[in-house]
Amino acid sequence: MTTVHLEVAEGVGTIRLDRPPLNALDIELQDRLKELAAEVTDRDDVRAVVLYGGEKVFAAGADIKEMQDMDHRAMVLRSRALQDAFTAIARIPKPVVAAVTGYALGGGCELALCADFRIAGDNAKLGQPEILLGLIPGAGGTQRLPRLVGPSKAKDLIFTGRQVKADEALAIGLVDRVVPAAEVYTEAHAWAARLARGPALALRAAKEAVDHGLEADIDTGLAVERTWFAGLFATEDRERGMRSFVEEGPGKAKFL
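Notes on the structure follow. Predicted model, so just to flag it, every value in this text is computed and none were measured. (Residues numbered from 1 in each chain as written. Predicted model: local features only at pLDDT ≥ 70, side-chain atom pairs only at ≥ 80, totals over all residues. Heavy atoms only, no water.)

Let's shift gears to the nonpolar core. One broad rule of soluble globular proteins: the nonpolar side chains tend to lie buried together. Ranked by size, the top nonpolar core spans 46 residues in total, and within it I15, L51, F58, I89, L126 and L174 carry the most contacts. In contact with L174, not counting residues within four places along its chain, are C109, L113, R118, L126, L145, L148, V149, L157, V164 and A169. With 15 residues, the next largest nonpolar core counts I119, A192, A193 and A196 among its residues. (Core = buried A, V, L, I, M, F, W, Y, C linked by side-chain atoms within 4.5 Å. Buried < 20%, exposed > 50% of the residue type's maximum accessible area, 1.4 Å probe, protein only. Contact = heavy atoms within 4.5 Å.)

As structure tokens, then:
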């Protein structure tokens with residue numbers, strides 16, 4: 001059974017988790033996420049991406065029953081594949097927004113962290129409850145969460161395993177916008193569709209410059225920015241954008 005689907009409309013590829021009732025992230029789903037990350041990266045008709053779990057739940061975490069049967073050796077072999085699947089989502093070189101409804105816990109929260117932007121429903125609950133199982137986050141939570149909300153807030157969530165509601169998640173910067181639950185996907189798709197009409201190469205450059213710069217010292221980050229900035233002067237999008245600015249004024253360029 002396919003546990004993740006890809007739907008494309010208006011230049012937006014929606015990666016839809018579909019493993020009821022809670023979208024538990026089993027091995028099949030993890031591997032499928034990696035496959036779809038590669039597909040949306042390669043497809044020219046996908047210019048932005050939405051991660052969505054459905055109207056009721058984003059993803060309530062890993063498949064604990066599946067993990068319970070795994071010993072140390074099995075998890076040593078699997079943990080890299082788990083991280084690679086989520087890293088593949090994080091490295092999609094196009095804008096990615098997570099549309100979060102209901103629970104986004106453990107691996108579900110870590111998947112949302114892989115997005116560039118997070119829109120949450122007012123019914124959302126997020127957290128890293130792995131400590132309650134005698135574990136720590138294993139799909140990037142100890143690394144992406146502190147980079148997003150700061151080490152102190154990240155340690156609070158990771159050490160206690162507590163869940164935060166949408167309003168607190170917004171206050172600490174874990175999500176970027178809170179809307180009524182019924183409007184989450186519409187808002188996320190609209191955000192993605194707006195960027196899908198933008199200059200694809202410049203958006204890719206902006207994302208890679210920010211992401212790679214955060215992983216390096218400031219001088220290296222500036223070098224990355226400088227390289228991408230100069231490189232964009234060889235693109236048709238740059239010519240189109242500047243010509244439109246001069247002839248029509250700002251914000252009116254139409255990109256292919």
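For the rest of this paragraph, the subject is helix 5 (residues 141-149). G141, L145 and V149 are the residues of helix 5 that are buried. Down the axis of helix 5, the buried side of the element spans an arc of 20 degrees, and every buried residue falls inside it. Of the surrounding secondary structure, the elements contacted by the buried residues of helix 5 are helix 4 (107-113) and helix 6 (151-160). Among the residues trailing helix 5, G150 stands out with phi positive, at a value near 95 degrees. (Helix = DSSP H or I, 4+ residues; strand = E, 2+ residues; numbered from the N terminus. Arc of directions from axis to C-beta.)

Attention now moves to the packing of helix 5 against helix 6. At a minimum axis distance of 7 Å, the contact between helix 5 and helix 6 shows a crossing angle of 135 degrees. Taken together, the axis directions place helix 5 and helix 6 in an arrangement best described as oblique. In this structure, helix 5 crosses over helix 6, and the sense of that crossing is right-handed. In contact with G141, T142, L145, P146 and V149 of helix 5, helix 6 contributes P151, K153, A154, L157 and I158. Classifying every residue of the contact of helix 5 with helix 6 by side-chain character gives seven nonpolar, two polar and one charged. (Axes fitted to C-alpha atoms, helices over the stretch in contact; angles between N-to-C directions. Parallel < 35°, antiparallel > 145°, perpendicular 65-115°, else oblique. Left-handed = near helix turned anticlockwise from the far one by under 90°. Nonpolar A, V, L, I, M, F, W, Y, C, P; charged D, E, K, R; others polar.)

Reading across from one edge, 1-2-3-4-6-9 is the order of the six strands in this open sheet, with mixed pairing throughout. With partners counted over all chains shown, the strands left at the sheet margins are strand 1 (4-9) and strand 9 (177-179), one partner each. Mean inter-strand twist for the sheet, computed between neighbouring axes without regard to direction, equals 20 degrees. As judged from the three bridges shared by strand 6 (residues 117-121) and strand 9, these two strands associate in the parallel manner. Within the sheet, the bridge partner assigned to I119 lies in strand 9 and is R177. Relative to the sheet, helix 1 (residues 27-42) contacts strand 1, strand 2 (12-17) and strand 3 (48-52), its axis offset from that of strand 1 by approximately 25 degrees. (Pairing = 2+ DSSP bridges.)

Here we take up the environment of A104. Position of A104 among the secondary structure elements: in strand 5 (residues 103-105). Placed 89 residues apart in sequence, A104 and I15 show a C-alpha to C-alpha distance of 15 Å. Once residues within four sequence positions are removed from consideration, A104 is found in contact with F58, A59, C109, K125, L126 and G127.

Closest axis-to-axis distance for the helix 9 (residues 200-214)/helix 10 (residues 218-231) pair is 8 Å, and the angle between their directions is 170 degrees. As the angle between them shows, helix 9 and helix 10 are arranged roughly antiparallel. For the pair helix 9 and helix 10, contact is made by A205, E208, A209, H212 and G213 and by G221, V224, E225 and W228, respectively. When the residues that make up the contact of helix 9 with helix 10 are grouped by side-chain class, the tally is four nonpolar, three polar and two charged.

Okay, the packing of aromatic side chains next. Tallied over the entire structure, the rule returns three aromatic pairs. Seen from their ring centres, F117 and W191 are 4.9 Å apart, and the 5 degrees between their planes marks the pair as stacked. One end of the pair, F117, is in strand 6; the other, W191, is in helix 8 (residues 184-196), with 74 residues separating them in the sequence. Of the two residues examined, F117 and W191, each falls in the buried class. Arranged with centres 5.5 Å apart and planes meeting at 70 degrees, the rings of F229 and F233 form a pair that is edge-to-face. Relative accessible area serves as the criterion here: at 57%, F229 is assigned to the exposed category. (Phe/Tyr/Trp six-rings, centres within 6.5 Å; stacked < 30°, edge-to-face > 60°.)

Limitation: the analysis is restricted to geometry and does not speak to function.
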